[in-house]
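# Structural characterization, general
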Amino acid sequence: MRLSRYFLPTLKEDPKEAQIVSHRLMLRAGMIQQSSAGIYSWLPLGHKVLKNIERIVREEQNRAGALEILMPTLQPADLWRESGRYDDYGKEMLRIVDRHERDMLYGPTNEEQVTDIFRSHVRSYKNLPLNLYHIQWKFRDEVRPRFGIMRGREFLMKDAYSFDLDYEGAKTAYNNMFVAYLKTFARLGLKAIPLRAETGPIGGDLSHEFIVLADTGESEVFYHKNLLDLETPEGNDCSPEDLQAIVDEWTSFYAAADEMHNPETCDVAEADLVSRRGIEVGHIFHFGDKYSKTMGATVAGPDGKDVTVSMGSYGIGVSRLVGGIIEASHDDDGIIWPESVAPFKVGLINLKSGDAECDAACDSFYGKLTEAGVEVLYDDTAGRAGEKFAKMDLIGLPWQATIGPRGVKSGVVEVKNRATGEKQEVALSEALTLLAGRS
RNA sequence: CGGGGCGUAGCACAGCCUGGUAGUGCGCUCGCUUUGGGAGCGAGAGGUCGCAAGUUCGAAUCUUGCUGCCCCGACCA
């Protein structure tokens, strides 16, 4: 993509309304535009990142055997009356009345909707286990939206729902998602740690929050330092026993949010206990028959008798992750995208647009990179060197390739790694191998 | 929902106290000079001063109401 033909409205100065770093950088990098409090438009650069995150989340859900569906944003109130949540949910639920005076709502979540789908079509235990997910916009009318995209009112979320015959099955489904989440966050370039979360009246130990570590995080977390050294699991088709073993390993170390942490009862040695700040990006939860019971989601068991299915739900804040990744990965100059989610892999800087030799060298290099399947943002504008460098640093592409009059004479390009700042001058052909060779 | 703050050009702000018809920096357009880390000079474009009533000969400025946004707290993916 040539920058001259792209839509990238960057800002040199910090917008006043943005306090935290991800919000500031997203506005400055031209990724989003606020529409109203907690509601944003996604501009091309931001949209690419959002879609990249969504893609990885989707791939890992599919790999874990979850099936993608798409449920509506607008739901009938009657479904929520069945579960009792229409009255319980409170003002965070945006309620709408259609032209026929029917009560509707903009979905803050989809348990009722998915339970309705399930009960309409699944009759036999032979169809279990089942895990349905979708990636859809949600709306929660937060009293106080803040932190830009991190806590908006409208947000993109992946939510999966598992259906099993009994608790044992549900536990395997839960463990399956637990492991999928570890893989997902690792691919997103994040250090995410699972925290045991409050399970409320349902009880049990099947509820975890996944927290991304970032100095600017919203809440404080305490954990055993060895937790971060664990290997991310690999491979597919794990048996229930394998899944359980992985979950057991990851939950064997102490980890708690500040409201759950009690220094009195915490038995981790002080030297091993780490305290950092974090951002919640995922939550998995087993809730048993809470909805299946009230909404009549049953299947015939092996003995022919109806069984109320056991359910769980598994959320990942896709749009929130955009902010979360920035919080976890930036410096004073701007964003530092992990390659897996970067909007472009390489930023090509033409230091002297209009100079025949520079233009020719850049155009050719751009063509070859593109041909090799590398996504490039090519700054072919007439700007000055300093502003081009600053802009590239700001938008955080993993690699910068700079071609200027000095290097073009000797046929070299300067390749800079955004994360390390390391620069090297290499021949054009070598740079091509370097940049196209990496996946 | 309690408390606080702010709405003036695309962005950041001054002007308001003490009314007289709007300004600075950045950005944008054009020209010249520059050219390896957000350049210099010159010339331009761009504003119903959040909205509405009121006071006044006259309101960005004073009064009242409304509205939008931000921050702290309580609450949440």
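See the structure above.
Residues numbered from 1 in each chain as written. Chains lettered and ligands numbered in written order. Predicted model: local features only at pLDDT ≥ 70, side-chain atom pairs only at ≥ 80, totals over all residues. Heavy atoms only, no water.

## Some thoughts on the sheet that holds strand 6 (residues 103-106)
Sheet strands line up and pair through hydrogen bonds in the backbone, either parallel or antiparallel. Strands sit in the order 4-6-5 across an open sheet of three strands; the sheet is antiparallel. Among the strands making up the open sheet, the edge pair consists of strand 4 (74-76) and strand 5 (94-97). Strand-to-strand, the axes of this sheet are offset by a mean angle of 35°, without reference to chain direction. In terms of strand pairing, strand 4 meets strand 6 through three bridges, oriented antiparallel. Across the sheet, the residue bridging to Gln-75 is Leu-105, located in strand 6. (Pairing = 2+ DSSP bridges. Helix = DSSP H or I, 4+ residues; strand = E, 2+ residues; numbered from the N terminus. Axes fitted to C-alpha atoms, helices over the stretch in contact; angles between N-to-C directions.)

## Examining the nonpolar core
Counting 79 residues, the largest nonpolar core has Met-31, Ile-53, Phe-185, Leu-188, Val-322 and Trp-337 as its most contacted members. Residue contributions to this core peak at nine residues, all from helix 6 (residues 167-187). Val-322 has contacts with Met-26, Met-31, Trp-42, Val-49, Leu-50, Ile-53 and Trp-337, leaving out every residue within four places of it along the chain. Listed in part, the 19 residues of the second largest apolar core include Cys-362, Phe-365, Val-376 and Ala-401. (Core = buried A, V, L, I, M, F, W, Y, C linked by side-chain atoms within 4.5 Å. Buried < 20%, exposed > 50% of the residue type's maximum accessible area, 1.4 Å probe, protein only. Contact = heavy atoms within 4.5 Å.)

## Notes on the pattern of salt bridges
With the rule as written, the count across this model stands at 27 salt bridges. One salt bridge in this structure joins Asp-14 and Arg-28, with 4.0 Å as the shortest N-O distance. Of this pair, Asp-14 sits in the segment before helix 1 (21-28) while Arg-28 is found in helix 1, placing the two residues 14 residues apart along the sequence. For Arg-28, a relative accessible area of 18% puts it in the buried group. Via salt bridges that share partners, Arg-55, Glu-59, Glu-60, Arg-63 and Arg-187 belong to a single interconnected network. (Salt bridge = Lys/Arg side-chain N within 4 Å of Asp/Glu carboxyl O.)

## Observations regarding the layout of surface pockets
Space inside the largest pocket adds up to approximately 1100 Å³. Of all the secondary-structure elements, those providing two or more residues to the lining of the largest pocket are strand 8 (154-164), strand 10 (207-213), strand 13 (273-288), helix 8 (290-295), strand 16 (310-317) and helix 9 (318-328). It is strand 13 that provides the largest number of residues to the lining of the largest pocket, a total of seven residues. Looking at the lining of the largest pocket, its residues break down into 16 nonpolar, nine polar and 14 charged. For the second largest pocket, the calculated volume is near 400 Å³. Listed by contribution, the elements that provide at least two residues to the lining of the second largest pocket are helix 2 (44-63), strand 7 (130-139), strand 8, helix 6 and helix 7 (240-251). For the lining of the second largest pocket, the element with the highest residue contribution is helix 6, accounting for seven residues. For the lining of the second largest pocket, a count of residues per class yields ten nonpolar, nine polar and five charged. (1 Å grid on protein atoms, 1.4 Å probe; cavity = no way out; pocket = protein on both sides within 12 Å on 5 of 7 lines; lining within 4 Å. Points joined across faces, edges and corners; volume = space filled by probe spheres on them. Nonpolar A, V, L, I, M, F, W, Y, C, P; charged D, E, K, R; others polar.)

## Notes on empty space enclosed by the protein
The gaps left among the atoms become clear once a water-sized probe is rolled over them. A complete count under the given rule lists one cavity of 30 Å³ or more for this structure. Lining the largest cavity are Gly-38, Ile-39, Tyr-40, Trp-42, Trp-137, Ile-149, Glu-154, Phe-155 and Ser-319. Looking at the lining of the largest cavity, the elements that each hand over two or more residues are strand 2 (39-42) and strand 8. At three residues, strand 2 tops the list of elements feeding residues into the lining of the largest cavity.

## Some thoughts on the side chain of Ser-292
Relative to the assigned elements, Ser-292 resides in helix 8. A distance of 2.6 Å separates a polar side-chain atom of Ser-292 from the backbone oxygen of Val-309. Those residues within four positions of Ser-292 in sequence are excluded, and the remaining contacts are Thr-115, Ala-297, Thr-308, Val-309 and Met-311. (Polar contact = N/O pair within 3.5 Å; in protein donor to acceptor, adjacent residues only side chain to side chain.)

## Some thoughts on helix 7
For helix 7, spanning twelve residues, the distance from its first C-alpha to its last is 16 Å, which sits close to the expected 16 Å at 1.5 Å a residue. Residues Leu-243, Ile-246, Val-247 and Trp-250 constitute the buried set of helix 7. Along the long axis of helix 7, the arc covered by the buried residues comes to 95°, so they all point the same way. Those residues of helix 7 that are buried lie in contact with helix 6 and strand 9 (192-196). (Expected span 1.5 Å × (residues − 1). Arc of directions from axis to C-beta.)

## Looking at the pairing of strand 11 (residues 219-224)
Where strand 11 meets strand 13, six bridges bridge the pair, whose relative direction is antiparallel. Among the inter-strand pairings, Ser-219 is bridged to a residue of strand 13, identified as Gly-278. Here strand 11 pairs with strand 12 (residues 255-257) via three bridges, running antiparallel. Bridge pairing in strand 12 places Phe-222 opposite Ala-256.

## As for the protein's contact with RNA strand B
Of all residues adjacent to RNA strand B, which total 39 residues, the nearest are Lys-12, Arg-144, Arg-146, Glu-280 and Asp-393. The sugar and phosphate moieties of RNA strand B supply 42% of its atoms located within 4 Å of the protein. With respect to RNA strand B, the side chain of Lys-12 contributes an N or O atom lying 2.4 Å from a sugar or linking oxygen. Asp-393 places a side-chain nitrogen or oxygen 2.2 Å from a base nitrogen of RNA strand B. Among the elements of the structure, strand 1 (32-36), helix 11 (385-395), helix 12 (405-410) and strand 22 (412-417) are those that each provide at least two residues to the surface near RNA strand B. Looking at which element gives the most residues to the surface near RNA strand B, the answer is helix 11, with seven residues. Here the residues of the surface near RNA strand B sort into ten nonpolar, eight polar and 21 charged. (Near = heavy atom within 4 Å.)

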